[in-house]
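Analysis of the macromolecular model
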Amino acid sequence: MEKTITVLPGDGIGPEVTEAAVKVLQTIAKRFNHTFNLHYELIGGAAIDDCENPLPEETIKQCSQSDAILLGAVGGPKWDQNPSHLRPEKGLLAIRKHFGLYANIRPVKAIPALLDSSPLKKEVAENVDLVIVRELTGGLYFSEPREKSHDHALDTLAYSRTEIERIVDTAFQIARSRRGKLASVDKANVLDTSKLWREIVEEKRQNYPDVELEHMLVDSTAMKMITQPSAFDVIVTENMFGDILSDEASVITGSLGMLPSASTREDGFGLYEPVHGSAPDIAGQNKANPAATILSAAMMLREAFQMETEAAAVEEAVFNVLNDGNFTGDLQVEGKRVLSTTEWTAKVLEELDSEFVSDSIMFSYV
Ligand SMILES: NC(=O)c1ccc[n+]([C@@H]2O[C@H](COP(=O)([O-])OP(=O)(O)OC[C@H]3O[C@@H](n4cnc5c(N)ncnc54)[C@H](O)[C@@H]3O)[C@@H](O)[C@H]2O)c1
C-alpha cells in the first residue's frame, strides 16, 4: 500500500519524538512492503520563527494532500510572551478546526512493567484499560464572544446539537467495540450545555441498546479516576472536561510520555500525536520518551490505513521493550538503567525486526 504522511515535528521534544516514530514507520514499511511518502512541514513556534504564522498555508496545503498527519508537540517559553495570534498553540487549535477533527481519542492502558512508575497503588492502577473520547473543536476553547480587559474577562461555552451528536455517536461505537460500557461526563446540575449534552446522550442510547450507559458529573469522575480507574471502559465528554480528565488519567500509566492520541473525523482522516506537550525542560537532550508518539503512529496505521497487523506489531514491540526492563528517564523505575531517546528507539526497531507478531493487541481501543 502507498500512503502519504505529513510530519509536523513542532517544538521542544517534538522533533526528537517524531524522528523516533518516523523510524518505526520506515521499518514497518520495509517489513510489510508498504510505501510511506513523508513530507515535513512547520507548525507552532518553529513556524512562527520561520514566517510569523503558527499554521502556514503551505502546511495546510500539504496536510490536505496527505492520508494522515503525525504531529510532535508545540510551544515553549520562547513564545510565551507573544501576542495571542503568534502563540504556538494557535497552530494546533487551528489545524484541528481547519480539518474538522472533532473526535480526540485517548486510550489509557496500564502496562504491567510500568506499574511501579504509577503514582497510584499497584492494585488500583493495574487492569486500567479505558478510552477517553473528548470533543475537540467546540466548547469553551472555541466559542465566541471572548474578551479581556484590565478588570473583566469573558469566555463563552457553546455547543450545537450536531457537535454533540457526532461525538456521542463516536463514543457509543467505540464502547460497542470494547467492553460495552460508556460513561458520559458533564456538569448537568449547573450548565445548560451539559443539560443539552445529557438529553442528546439519552436520545442516542436508543440506537445502542447493547451499551451500558452511565451519566456522571465531572467532579465525581475526577475522584473515581483516581480511586477506581479500572471501573471505566469508555468516557465521553466535552472539550475542557476532556482536556483535564485525560491529563489526570495519563499519570496512571506512569508517565505522560506513554500516552498516544488520535484526533479524527467521520471519514477517518486524522492527526496523530502524543498527549504530552513540548517538554522544554528536557528538549534537545535526547531524554524524551518517544513511546507516546510511536504508539500514536500505531494508531495511525490502524485507524487511518486499516493496517491492523502492522499496528499490533508496533504496540507489541513497545510492550516487549518495556517488559525487558528498558526505560527512559521519565518512568523512574528504581535500579533500572535509563536509556536515551535514540537508544530506546533502537530497541523498538530491533524488536520490530525480530518479533513474532502475536494475536494480542496491547493498546487497541477497537
Ligand atoms: N499538544 C501539544 O502540543 C501540547 C500539549 C500540552 C502542552 N503543550 C505546550 O508544551 C509546553 C510545555 O508544557 P507543560 O510543561 O505543561 O507540559 P509537557 O507535557 O510538555 O511536560 C510536562 C512534564 O512532563 C515531562 N514530559 C512530557 N512529555 C515527556 C516525554 N515524552 N518524555 C519524558 N518526559 C516528558 C516534561 O519533561 C515535563 O516535566 C507549553 O508551551 C505548552 O503550551 C503542547
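Residues numbered from 1 in each chain as written. Predicted model: local features only at pLDDT ≥ 70, side-chain atom pairs only at ≥ 80, totals over all residues. Heavy atoms only, no water.

With that out of the way, let us pick up the state of the cysteines. Scanning the model with the defined rule gives zero disulfides in all. Of all cysteine sulfurs in the structure, the one in Cys63 sits closest to Cys51, which takes part in no disulfide; the separation is 13 Å. Judged by its relative accessible area of 0%, Cys63 is buried. (Disulfide = S-S within 2.5 Å. Buried < 20%, exposed > 50% of the residue type's maximum accessible area, 1.4 Å probe, protein only.)

Pairing of strand β1 (residues 2-10) with strand β2 (residues 35-40), which is carried by six bridges, proceeds in the parallel orientation. Residue Thr4 lies in a different strand from β2, and its bridge partner there is Asn37. At this point the chain moves from β1, through helix α1 (residues 14-32), to the parallel β2, and the crossover so formed is right-handed. (Pairing = 2+ DSSP bridges. Helix = DSSP H or I, 4+ residues; strand = E, 2+ residues; numbered from the N terminus. Right-handed = clockwise from strand over helix to strand, strands pointing away.)

Under the domain assignment used here, the protein contains domain 1 (1-102 + 255-366) and domain 2 (119-253). Taking only C-alpha atoms into account, the centre of domain 1 sits 24 Å from that of domain 2. On the side of domain 2, 17 residues touch domain 1, which itself brings 15 residues to the contact. Summing both partners gives a buried area of about 1,400 Å² for domain 1 against domain 2, and 63% of it is carried by carbon and sulfur. Between domain 1 and domain 2 we count three residue pairs in polar contact (both at pLDDT 80 or more) in total. Split into classes, the residues belonging to the side of domain 1 that touches domain 2 amount to nine nonpolar, three polar and three charged. (Domains from an automatic or database assignment. Contact = heavy atoms within 4.5 Å. Buried area = accessible area lost by both parts, 1.4 Å probe. Polar contact = N/O pair within 3.5 Å; in protein donor to acceptor, adjacent residues only side chain to side chain. Nonpolar A, V, L, I, M, F, W, Y, C, P; charged D, E, K, R; others polar.)

Proteins that are soluble and globular tend to have nonpolar side chains buried together. Residues Phe36, Leu182, Leu301, Phe305, Leu322 and Trp344 are the most contacted members of the largest nonpolar core, which totals 65 residues. With eight residues, the single largest contributor to this core is helix α10 (residues 291-303). Taken together, domain 1 (1-102 + 255-366) and domain 2 (119-253) each give at least three residues to this core, which thus spans both. Once you skip the residues sitting within four places of it in the chain, Leu182 turns out to touch Ala171, Phe172, Ala175, Val211, Glu212, Leu213, Glu214, Val234, Ile235 and Val236. (Core = buried A, V, L, I, M, F, W, Y, C linked by side-chain atoms within 4.5 Å.)

Cis geometry marks the peptide bond from Glu144 to Pro145, where omega comes out at 0°. Considering the arrangement of structural elements, one finds Pro145 in the loop between β5 (129-135) and β6 (147-148). With phi around 55°, Glu52 is a residue other than glycine that occupies positive phi space. Its place among the elements puts Glu52 in the loop between α2 (45-51) and α3 (57-64). A positive phi is found at Ala279, a non-glycine position, where the angle reads about 40°. Take Ala279: it is sitting in the loop between β12 (270-274) and α10.

Here strand β3 (residues 68-73) lies mainly inside the structure; six of its six residues are buried. In this sheet, β3 lies alongside β1 in parallel orientation, the contact comprising five bridges. Across the sheet, the residue bridging to Gly10 is Ala73, located in β3. Where β3 and β12 come together, two bridges link them in parallel fashion. The residue bridging Ile69 from the neighbouring strand is Leu271, located in β12.

Before going further, it helps to examine the UniProt feature "binding site: substrate" (unreviewed entry) in the protein. Here, the residues flagged by UniProt with the feature "binding site: substrate" (unreviewed entry) are Arg96, Arg106, Arg134 and Asp219. Across 124 residues, the annotated set is spatially dispersed, with a maximum C-alpha separation of 27.0 Å. Note that Arg106 resides in strand β4 (residues 103-109). On the basis of relative accessible area, Arg106 is assigned to the buried category, the value being 6%. Residues in contact with Arg106, not counting those within four places in the same chain, are Leu130, Val131, Ile132, Arg134, Asp243, Ser246, Asp247, Pro260, Ser261 and Val275. (UniProt positions renumbered as here; feature names shortened; annotations may be inferred.)

In this section: the site of the ligand. For the ligand, the set of nearby residues contains 20 residues, the closest of which are Val74, Glu89, Gly277, Ala279 and Asn289. At 3.0 Å, a backbone N or O of Gly76 approaches an oxygen atom of the ligand. Within the side chain of Glu273, one N or O atom sits 3.4 Å away from a nitrogen atom of the ligand. Its free accessible area being 800 Å², the ligand has 68% of it covered by the protein chains. Looking at the shell around the ligand residue by residue, the classes come out as nine nonpolar, seven polar and four charged. (Near = heavy atom within 4 Å. Areas by Shrake-Rupley, 256 points an atom, 1.4 Å probe, with all protein chains shown as cover.)

Moving on: the side chain of Thr193. Along the chain, Thr193 falls in helix α7 (residues 192-205). Residue Thr193 is classed as buried on the basis of its relative accessible area of 18%. If sequence neighbours within four positions are ignored, Thr193 has contacts with Leu157, Ala158, Tyr159 and Ile164.

Taken as a whole and assessed by the stated rule, the structure comprises four aromatic pairs. With 5.9 Å between their ring centres and 35° between their planes, Phe36 and Phe305 make a pair best called tilted. With Phe36 in strand β2 and Phe305 in the loop between α10 and α11 (308-323), this pair connects stretches of sequence that are 269 residues apart. The exposure class of Phe305 is buried, given its relative accessible area of 1%. Centroid distance Tyr159 to Trp197: 6.2 Å. Interplanar angle 70°. Geometry classified as edge-to-face. (Phe/Tyr/Trp six-rings, centres within 6.5 Å; stacked < 30°, edge-to-face > 60°.)

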